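Survey of secondary and tertiary structure
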Amino acid sequence: MKKYTKKEYGKMVERSAPKTSMFQNLLWAFFIGGAICVVGQLISQYFRNRGWSIENVASGTSIIMVFLGALFTGLGLYDKLAKFAGAGTIVPITGFANAIVSPAMEFKREGYILGVAGKMFVVAGPVLVYGITTSVIAGVIYYLIR
Amino acid sequence: MSATKRLGAQTIKMQYPPTIIASATIVGEKEGKGPLENTFDKVLDDALWGESSFEKAESKLMRETIMLAVEKAEQPMSNMHYILAGDLLSQCIGTNFAVRELEVPFFGLYGACSTMAESLSLATILVDGGFADYVVAATSSHFCSAERQFRFPLAYGGQRTPTAQWTVTGAGAIVVSSNGNGPFITHITTGKIIDLGIKDANNMGAAMAPAAADTILQHFSDTGKTVNDYDLVVTGDLGKLGLALTDQILKENNLDLQDKLNDCGLLIYDIEAQDMHMGGSGCGCSASVLCGHLLKEIKIGNMKRILFVATGALMSPTSTQQNESIPCIAHAVTIEKELR
Amino acid sequence: MTNLMTYFNAFWVGGIICVIGQILIDKTKMTPARILVLFVTMGVVLTLIGVYEPLVNLGGAGATVPITGFGYALAKGAQKAVQTYGLLGAFTGGVTATAGGIAAVILFGYLAAVAFNPKEK
């Protein structure tokens, strides 16, 4: 075989790679992502009508959304929707719940300690690490410039 | 004593070409719904097959397939001199647990998705060399056990990229013997590891294409054969993109296989209707297509001589996370209906 | 603002945040885990520089339900606590404000894993 450099071959692969219909993906992400947020709006409106404080409305909404994400993941429906919606199902907090439930469920055979509980944060753990770390840094910055 | 059976740089020619006396394949539900549905011995309707884990299900798949092949060879298991087999799971547990109860001398192999050609090559060498009368070559893959090891949990809402392939749930086993009247294994071309820097584990077809092309070119140059000598040159699991790239490399090296080049990953599914993106992959892909469809076609005489080129992407989840490129390999085996 | 309008705003604000995620997935081959990490971090940063708050006022759940909203809740909690407790608040505020969501994820995640089994696709 004649020699191909990695660069040459990389270009060859790029030229032959299938072109994705990005527009369709974006449309799906927009509509499903938007729809999930509307569900969130409905829930928060419900809590607001009951006279809850802003903070409690936010917490209550998160809790319900997470519950729904976990339930639909367990029922095997969330990944079916995600196949079309992509980021529309990954980015909302329901996707965060999906990222926690799916490995936990998958690794049940490896036991409830290191299987379910250990694998739970495989995908979602980094979100907490980076989210909490940057929020502490942001708090310190805010303290300094206040 | 010098090696008298060698032909060129990477090919060996059998002195007493061994026969494939029996083959068996069991596949999953999706494969059973594809265009080759009638060529499999058994189609499962449950991914767990009554087991408590997908790994156990894969072991059962492997064990039952080996037992079926040996049964079809009309031999007792105790007549098997060796089993050569491997799968995709870490430390080849699918195979090791499958062979545990069979009480046959065993060599465990890891060639990723090239394992069918690798095991068949070594089985042939053992028989031709006079070291064994009956050898089983087998391999398996299972979508669910592979997915959790190499990618994401089943219920995880990730999107498959357009170049992704679908791991075949299936196993194939072949009994190679010194006695029989075909199909015969006449030539073996053993591949070298080729790595042209592809890092995307969701684009294994592109990663493996150069390895497939290299082995095919080497085979034709070692044996002096031409396109007309073959009815089919079939790769293991390159998928649509990988096959197109292989074809392009072959043509750039002055080998035009015309319509004789195909891929098991394209044969096994109805790509569009089953939404398989680039096609099938996994050890079970080439194994189930060879042990079912291809060997049947050879037996009934629709094909006289084929070159079976199983391809393997030799990365691990660790190497992928460490952003290493994917080393790939392809092994070729010539299977002929009759000796000329 | 009419009631219907709040839902419409939630829809398009949430939709656009998801579209940004989809563009990143399609264009840069970023894995979902990286997208989530990037978005939560961006949520914190945008809140700190005062850009995210107006978006929440406009889009409501459209801005708080995406994972950037988790970053927003963390940062806002930290800021509020700093006002009351000083530097200590930087440590306690974020997690306090998001405690409900985090506890829910762990509890429901665990329960769902116990109750259900993954299905083959």
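Worth saying up front: this structure is predicted, and the values here are computed from it rather than measured.

Considering the overall build of chain A
- A tally of helices and strands in chain A yields eight helices and zero strands.
- Reading the secondary structure of chain A in the N-to-C direction produces α-α-α-α-α-α-α-α.
- Since a compact globule built from 146 residues should have a radius of gyration of about 15 Å, the 21 Å found for chain A marks it as more spread out than a globular shape.
- Across its three principal directions, the C-alpha atoms of chain A cover 75 × 45 × 40 Å.
- The 146 residues of chain A split such that 49% are buried.
- In chain A, the share of contacts with a sequence separation of at least 24, taken over all contacts with a separation of at least 6, comes to 53%.
- Carbon and sulfur atoms make up 68% of the accessible area of chain A, which amounts to about 7200 Å² in all.
- Taking the 15 positively charged and 6 negatively charged side chains of chain A as two groups, their mean positions are separated by 5 Å.

What to know about the interface of chain C and chain A
- Contact residues are listed per partner, giving 67 residues for chain C and 65 residues for chain A.
- Buried area between chain C and chain A, summed over both chains or domains, comes out near 5700 Å², and the portion from carbon and sulfur atoms is 79%.
- Along the contact surface separating chain C from chain A lie one salt bridge.
- Among the secondary structure elements, those contributing two or more residues to the side of chain C that touches chain A are helix H1 (3-28), helix H2 (32-48), helix H4 (61-64), helix H5 (67-85) and helix H6 (87-115) of chain C.
- Of the residues that constitute the side of chain C that touches chain A, the class distribution is 44 nonpolar, 18 polar and five charged.

What about the packing of aromatic side chains?
- As enumerated under the stated definition, the model contains 13 aromatic pairs over all chains in all.
- One aromatic cluster in this structure is built from Phe30 and Phe31 of chain A together with Phe11 of chain C.
- The cationic tip of Lys119 of chain A hangs over the ring face of Phe107 of chain A; the distance from NZ or CZ to the ring centre is 4.8 Å.
- For the cation-ring pair, Arg305 of chain B lies above Tyr230 of chain B, with the distance from its terminal atom to the ring centre recorded as 5.8 Å.

Concerning the environment of Thr235 of chain B
Residues and elements named next belong to chain B.
- Note on placement: Thr235 falls in strand E11 (residues 232-235).
- Assessed through its relative accessible area of 0%, Thr235 is described here as buried.
- Note: C-alpha distance between Thr235 and Cys264 (29 residues apart in sequence) is 6.2 Å.
- When near neighbours in sequence (up to four residues on either side) are disregarded, Thr235 contacts Ala212, Ile216, Leu243, Asn262, Asp263, Cys264 and Val309.

Remarks on the pattern of salt bridges
- Inspection of every chain in the model, using the stated rule, returns 16 salt bridges over all chains.
- We note a salt bridge from Glu55 of chain A to Lys80 of chain C, for which the minimum N-O separation is 2.3 Å. Here Glu55 of chain A, found in helix H3 (residues 54-74), pairs with Lys80 of chain C, found in helix H5, and the two come from separate chains.
- With a relative accessible area of 40%, Lys80 of chain C lands in the partly exposed category.
- Close ionic contact of Glu29 of chain B with Lys33 of chain B constitutes a salt bridge, the shortest N to O distance being 3.3 Å.
- Through salt bridges with shared partners, one network takes in Glu106 and Glu110 of chain A together with Glu55 and Arg148 of chain B.

Some remarks on the packing of H1 of chain C against H2 of chain C
Residues and elements named next belong to chain C.
- For the pair H1 and H2, the least separation of the axes is 10 Å and the interaxial angle reads 135°. It follows from the interaxial angle that H1 and H2 lie oblique. Judged by the twist between their axes, the crossing of H1 over H2 is right-handed. On the side of H1, the interface is formed by Ile17, Ile20, Gly21, Leu24 and Ile25, while H2 contributes Ile35, Leu38 and Phe39.
- Partitioning the contact of H1 with H2 into residue classes produces seven nonpolar, one polar and no charged.

Describing the nonpolar core
- Membership of the largest hydrophobic core comes to 55 residues, with the highest contact counts inside it found for Val66, Val91, Phe96 and Val127 of chain A together with Val65, Ile67 and Phe70 of chain C.
- Considering every element that reaches this core, the biggest residue donor is helix H6 (residues 93-106) of chain A, with eight residues.
- Other than its neighbours up to four places away in sequence, Val66 of chain A contacts Ile93 and Ala97 of chain A together with Gly101, Ala104, Val105 and Phe108 of chain C.
- Listed in part, the 47 residues of the second largest apolar core include Leu120, Cys144, Ala287 and Leu294 of chain B.

With respect to the domain arrangement of chain B
All names here are of chain B.
- When its domains are assigned, chain B resolves into domain 1 (12-177) and domain 2 (184-336).
- Note on domain 1 versus domain 2: buried area summed over both sides is about 4200 Å², and carbon and sulfur give 64% of it.
- Across the contact surface, domain 1 and domain 2 share zero salt bridges.
- Counting residues per element, the ones that place at least two in the side of domain 1 that touches domain 2 are strand E2 (11-13), strand E3 (19-27), helix H1 (29-32), helix H4 (115-128), strand E7 (134-141), helix H5 (143-150), strand E8 (166-167) and strand E9 (170-177).
- Tallied by class, residues from the side of domain 1 that touches domain 2 come to 26 nonpolar, 20 polar and eight charged.

Calculation criteria
- Residues numbered from 1 in each chain as written.
- Chains lettered and ligands numbered in written order.
- Predicted model: local features only at pLDDT ≥ 70, side-chain atom pairs only at ≥ 80, totals over all residues.
- Heavy atoms only, no water.
- Helix = DSSP H or I, 4+ residues; strand = E, 2+ residues; numbered from the N terminus.
- Rg over C-alpha atoms; globule rule 2.2 N^0.38 Å.
- Buried < 20%, exposed > 50% of the residue type's maximum accessible area, 1.4 Å probe, protein only.
- Contact = heavy atoms within 4.5 Å.
- Areas by Shrake-Rupley, 256 points an atom, 1.4 Å probe, with all protein chains shown as cover.
- Lys, Arg positive; Asp, Glu negative; His and termini not counted.
- Charge placed at Lys NZ, Arg CZ, Asp CG, Glu CD.
- Buried area = accessible area lost by both parts, 1.4 Å probe.
- Salt bridge = Lys/Arg side-chain N within 4 Å of Asp/Glu carboxyl O.
- Nonpolar A, V, L, I, M, F, W, Y, C, P; charged D, E, K, R; others polar.
- Phe/Tyr/Trp six-rings, centres within 6.5 Å; stacked < 30°, edge-to-face > 60°.
- Lys NZ or Arg CZ within 6 Å of the ring centre and 35° of its normal.
- Axes fitted to C-alpha atoms, helices over the stretch in contact; angles between N-to-C directions.
- Parallel < 35°, antiparallel > 145°, perpendicular 65-115°, else oblique.
- Left-handed = near helix turned anticlockwise from the far one by under 90°.
- Core = buried A, V, L, I, M, F, W, Y, C linked by side-chain atoms within 4.5 Å.
- Domains from an automatic or database assignment.

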